[in-house]
Amino acid sequence: MMEVTYAPGGTDPQRIRNFCIIAHIDHGKSTLADRMLQITEVVDQRQMRAQYLDRMDIERERGITIKSQAVRMPWTARSGERDGDEFVLNMIDTPGHVDFTYEVSRSLAACEGAVLLVDAAQGIEAQTLANLYLALENDLTIIPVLNKIDLPAAQPEKYAEELAHLIGCEPEDCLRVSGKTGAGVAELLDQIVHQFPPPVGEPEAPARAMIFDSVYDTYRGVVTYVRVIDGLLEARDRIKMMSTGAVHELLEIGVISPEPIKSKALGVGEVGYLITGVKDVRQSKVGDTVTLNNRPAREALGGYADPKPMVYSGLYPIDGSDYPDLREALDKLKLNDAALVYEPETSAALGFGFRCGFLGLLHLEIIRERLEREFGLDLISTAPNVVYTVDMEDGTEVEVTNPSEFPEGKSAAVHEPVVRATVLTPNEFVGAVMELCQSRRGSLMGMEYLSQERVELRYTLPLAEIIYDFFDQLKSKTRGYASLDYEATGSQVADLVKVDILLHGEPVDAFSAIVHKDSAYAYGVRLAEKLRKLIPRQQFEVPIQAAIGSRVIARETIRAIRKDVLAKCYGGDITRKRKLLEKQKEGKKRMKMVGRVEVPQEAFVAALSTDDSAESKKK
Amino acid sequence: MPGLPPDGEPVPRDGSLPAAALASVGERGFGVYVHVPFCASRCGYCDFNTYTAAELAGGVTRESYADLVLDELRLAARVLDGTAPKARTVFFGGGTPTLLPADDLARILDGVDATFGLAEDAEISTEANPESVDPAYLARLLDAGFTRVSLGMQSAARHVLAVLDRKHSPGRAAQAAVEARETGFGHVNLDLIYGTPGERDEDWAASLDAAVAAGVDHVSAYSLIVEDGTRLAARIRRGELAMPDDDVAADRYLAADATLSAAGLDWYEVSNWARDEAARCRHNLLYWQGGDWWGFGPGAHSHVGGVRWWNVRHPSAYAARLAEGVSPGEGRELLADEDRYLEDVLLRLRIVDGIRVTSLAPPGPEKAARAVADGLLDEEAFAEGIARLTLRGRLLADAVVRDLLPD
């Protein structure tokens, strides 16, 4: 009977298939997952809701997965040699964005196969391609699938060619499904059984399980998702985290199907969750190996890496009195986000805030949005910057995560992080894309036609050039058709300078930026001009200067205000005038003082926003 | 009386004042303001509490108005109960006081005298519209005891007057000023407005010259304030008229100060110039020096011993309250010490006497020193312990006040 196969802890590995779905945002992964849940009957019609597995509002709204999920589904093959045999399918959802490449790689490492899901009306996108390469590196078996074949605009033949070319199969090998109508989904599940290999492990060896996700839950503490490689994890065992040696009591063990179901154990090849009572995902890190305390494995599974922030930004509450709330909110988000780092920071211009490190821009945006939405905070964020390493002439090395830390003294060299970027674009936009990459100090590493119409461009680019406005520019220059993926590949020495913005001779820390020497002038001019329009006239003339060290490279002037007086003030005006004055004084309190210059908070917010691009990205 | 009344607490039905207020009435002088809420027509820029005959249906008429004020005078007599000193100043404003028969103004003035008494050298002023006075009318006012006439001239340029909806012809105001002087008024003021849409530098220069040529001993010059809800505000919003920017207003102010001081009229308040100390408007100085006054009439504001109150705005409501023997006061506020300090700084700084540096609370003195360095306060006066605005400081008076006050 089904029960025998299905009971976790004793599943014959031969009957297990672990797989993930690699897909671009909007290519219908969540909808396909929904259909799988229905067709395998782990969710009944009544409980079904759209994007069942996406837990956060932001995930649902943006159609991206931030945290991965793993669902155990029973499936009885309906065709082929194994017709009628019962299987357990573990679908491991992967995060869908470039910032989370490391998490993606760990999810892939938990699988033997990957479903490459591509929209039959759009073709493959850069991130999907990057993840496909990752899957191939992990020796995963790939099943190419074209989704949305019910769409009138679908061109399955064309994109089947493209996929076949990419992974070296025949166009006929591409399955065709519709997550919307359910067409082809049962066949896909059968092919998963037939094509993907079963997991292999040593049942008698000391237990080893890889953590591929770790999620904080208010009621249960940290829920850790694992894939068992060797041995057996049993409820009530004491487990050990191999990277830190920390030992935890196993309070609960089970599988997700798609709600949590407790089990007695998890055996070779099985995928499930652990609860140990720890309260912080840092104690249960993605990529780490779980073993048993009384019979530990000698060697950890490979591939573990500490998450390393790539992009830094200062986050400040608009209302200074919200600072303690911001700290509390960050502390809470941190429980669920091992990659988020922050430390208190004070800005003369913006007050008290935090310097926060993120995996990338999307990570930054998501954190910011969650802080604003879930914790009701109004925030200003400073322009994001990457991490620089400065070699000083005295042989010391300085790490710079904030432009204000950029050393004033003589430096021998400045290193900046570089990425390998992949851009997929229709061939008509190749020129525009190359121009953009060139202007961002990119070097072309390769170019390949995926099909007659679509081109893959590979560039090395400084990360700093990508985090500012690159994606928006790419989209606008290609009418939205190009897609981008990148991964960090190291660092390079570059001719970088710190540009300071001075207001009436006083540097404004929030506007200092580290930029390439060639774009310093443009940065200075742009910001000085912006500030001139944003800062109200003062009683005295206010020069705005952009400077590299003591050398001024751009200058604007705010003319002095000449009239600030109410013409009439007689008996009946006095009360009104007093109230007006009190209001003005209140307004003055909200002004930030830069030396003697009063700058309204809004001016900082507006000057730090990248015009409309920050807005358009959200849409 | 500008704008909407402020929020406040209700005025007691009998209009009574706290004992502490009564104990200090008139310490800094006592005056009377009489509001006359009538106009022949409404000007496009005006948001004062005033009504045309057509707007005033029922109840209150020009003919019955003097009796209403006499009613409120009786109420004031009950409330103050002999605590007030004789009135040093009486000021009739509006509206257009001179739309009332001169005898009615005289009757009200007699009422004031009977209620409070008038000081020996009391200043008795009235505002007047150039088109509503003639030599006979002026003679009657002089006879009744009036000592000062203030005429709304606004501009000598026809197209500027048209934008302001003023009905008089360009020369009429100056002519009325001459008539007033010839009648025997020792003190005559002309009111001017600058910064009206369409006004050119030469229009303003001509207006100043005309005022000087009329031989008055006092000129008030105001930058046009476009109040919300006025017809002028609507026209500007619709783009029919373009408001000049503040730098233009600043230039006009400098032109006014140059022309007027060259003609022997010196500034003594941000928007007021006078021939000599005797020519200064003592009633307005009472406001700026924190004195007490009772304001009569609808919408009028009063200040007695740290209590400010304001009457209901509509003449019918005002009449109805008085008819029931109830105070027409609509709301009031009892000024806290910090409110009085703030008012003191903001009002006194506007006048040439300035404010004693030692009377400023920290960080006032220190900020004052910096304002001297910035050229906003007068260096010589400061050496004598007085914070007095310079010419540039007058244009930035509000900013200086904000700066001198504690955060």
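An account of the accompanying structure is given in this report. Sequence order as written defines residue numbering, which begins from 1 separately in each chain. Written order decides the labels, with chains lettered from A and ligands numbered from 1. Given that this is a predicted model, residues contribute local features only at a pLDDT of at least 70 and side-chain atom pairs are listed and counted only at 80 or more, while totals for whole chains, interfaces and linings are drawn from all residues. As a convention, hydrogens and water are excluded, and side-chain values are obtained from all of the structure's heavy atoms.

### A word on the sheet that holds strand S2 (residues 70–76) of chain A
Working definition: the strands of a sheet are paired by backbone hydrogen bonds and lie parallel or antiparallel to each other. Residues and elements named next belong to chain A. This is how the line gets drawn: Two strands pair if DSSP finds at least two bridges between them. The helix and strand labels rest on DSSP assignments: H or I over at least four residues marks a helix, E over at least two residues marks a strand, and numbering proceeds from the N terminus.
Pairing is mixed in the open sheet, where 6 strands are placed in the order S2-S3-S1-S4-S5-S6. Unpaired on one side and paired on the other, S2 and strand S6 (175–176) mark the two borders of the sheet. Inspection of the sheet shows strand S5 (residues 141–147) paired to S6 by 2 bridges, in the parallel sense. What sits directly across from Val 145, in S6, is Leu 175.

### A look at a nonpolar patch on the surface
The line we're drawing: Patches were defined on residues exceeding 30% relative accessible area and lacking a salt bridge, with like-charge contacts within 9 Å and nonpolar side-chain contacts (Val, Leu, Ile, Met, Phe, Trp, Tyr) within 5 Å. Per-residue and other accessible areas follow the Shrake-Rupley method at a 1.4 Å probe size, with only the shown protein chains counted as cover for residues. Note on definitions: salt bridges are taken to be side-chain nitrogens of Lys or Arg within 4 Å of carboxyl oxygens of Asp or Glu. Exposure categories follow from relative accessible area, calculated using a 1.4 Å probe and restricted to protein chains: below 20% of the type maximum is buried, above 50% is exposed, and the middle band is partly exposed.
A grouping of A:Leu444, A:Met447 and A:Tyr449 is seen on the molecular surface, where their side chains present a nonpolar patch of about 270 Å² in accessible area. Taking the relative accessible area as the measure of exposure, A:Tyr449 reaches 43% and is therefore partly exposed.

### Looking at helix H2 (residues 29–39) of chain A
Count 3.6 residues to each turn of an α-helix, and residues three or four apart come out pointing the same way. Residues and elements named next belong to chain A. Rule in force here: In what follows, residue pairs with any heavy atoms lying within 4.5 Å of each other are defined as contacts.
Of all 11 residues in H2, 9 are buried; the element is thus mostly enclosed. Within H2 the residues assigned to the buried category are Lys 29, Ser 30, Leu 32, Ala 33, Asp 34, Arg 35, Met 36, Leu 37 and Gln 38. On the buried face of H2, the contacting elements are strand S1 (16–23), S2, strand S3 (86–92), strand S4 (113–119) and helix H7 (185–195). Positioned one or two residues after H2, Glu 41 has a phi angle of 65°, which is positive.

### Thoughts on the packing of aromatic side chains
Note the following rule: Any Phe, Tyr or Trp ring, taking Trp's six-membered ring, that has another such ring centre within 6.5 Å forms a pair; planes under 30 degrees apart are called stacked, those over 60 apart edge-to-face, and the others tilted. Should the NZ of a Lys or the CZ of an Arg lie within 6 Å of a ring centre and within 35 degrees of the ring normal, that charge is described as sitting over the ring.
In this structure the tally under the stated criterion is 20 aromatic pairs over all chains. With 6.2 Å between their ring centres and 85° between their planes, A:Tyr570 and B:Tyr222 make a pair best called edge-to-face. One end of the pair, A:Tyr570, is in the loop between strand S32 (551–558) and helix H14 (574–589); the other, B:Tyr222, is in strand S6 (residues 218–223), on a second chain. Pair check on accessibility: A:Tyr570 and B:Tyr222 agree, each one buried. By way of ring pairs, the aromatic residues B:Phe30, B:Phe116, B:Trp294, B:Phe296 and B:Trp309 are connected into one cluster. In this arrangement the basic side chain of A:Lys568 is found over the ring face of B:Tyr222, its NZ or CZ atom lying 4.3 Å from the centre.

### Section: the sheet that holds strand S11 (residues 247–249) of chain A
All names here are of chain A. The following threshold applies: Orientation is described by lines fitted to C-alpha atoms, with helices fitted over the stretch in contact, and by angles between N-to-C directions that extend from 0 to 180 degrees.
Within the open sheet, the 8 strands sit side by side as S11-S10-S16-S7-S8-S15-S12-S13. Their pairing is antiparallel. Each edge of the open sheet carries a strand with a single partner, namely S11 and strand S13 (260–262). The sheet shows a mean angle of 40° between the axes of neighbouring strands, taken without regard to direction. Sheet topology places strand S8 (residues 221–230) next to strand S15 (residues 271–275); 5 bridges connect them, and they run antiparallel. Directly across from Tyr 225, in S15, lies its bridge partner Tyr 273.

### Observations regarding the pattern of salt bridges
By the definition in use, this model includes 60 salt bridges over all chains. Residues A:Arg479 and A:Glu428 are paired through a salt bridge, measuring 3.9 Å at the closest nitrogen-oxygen approach. Within this pair, whereas A:Arg479 is found in the loop between helix H12 (470–477) and strand S27 (483–493), its partner A:Glu428 is found in the loop between strand S24 (411–426) and helix H10 (430–439), the two being separated by 51 residues in sequence. The pair A:Arg479 / A:Glu428 is uniform in exposure class, with both members exposed. A salt bridge links B:Arg235 to B:Glu240, with the shortest nitrogen-to-oxygen separation between them at 3.2 Å. Given the relative accessible area of 45%, B:Glu240 is considered partly exposed. Several salt bridges share partner residues, and in doing so they unite A:Arg578, A:Lys579, A:Glu582, B:Arg308, B:Glu333, B:Asp339 and B:Glu343 into one network.

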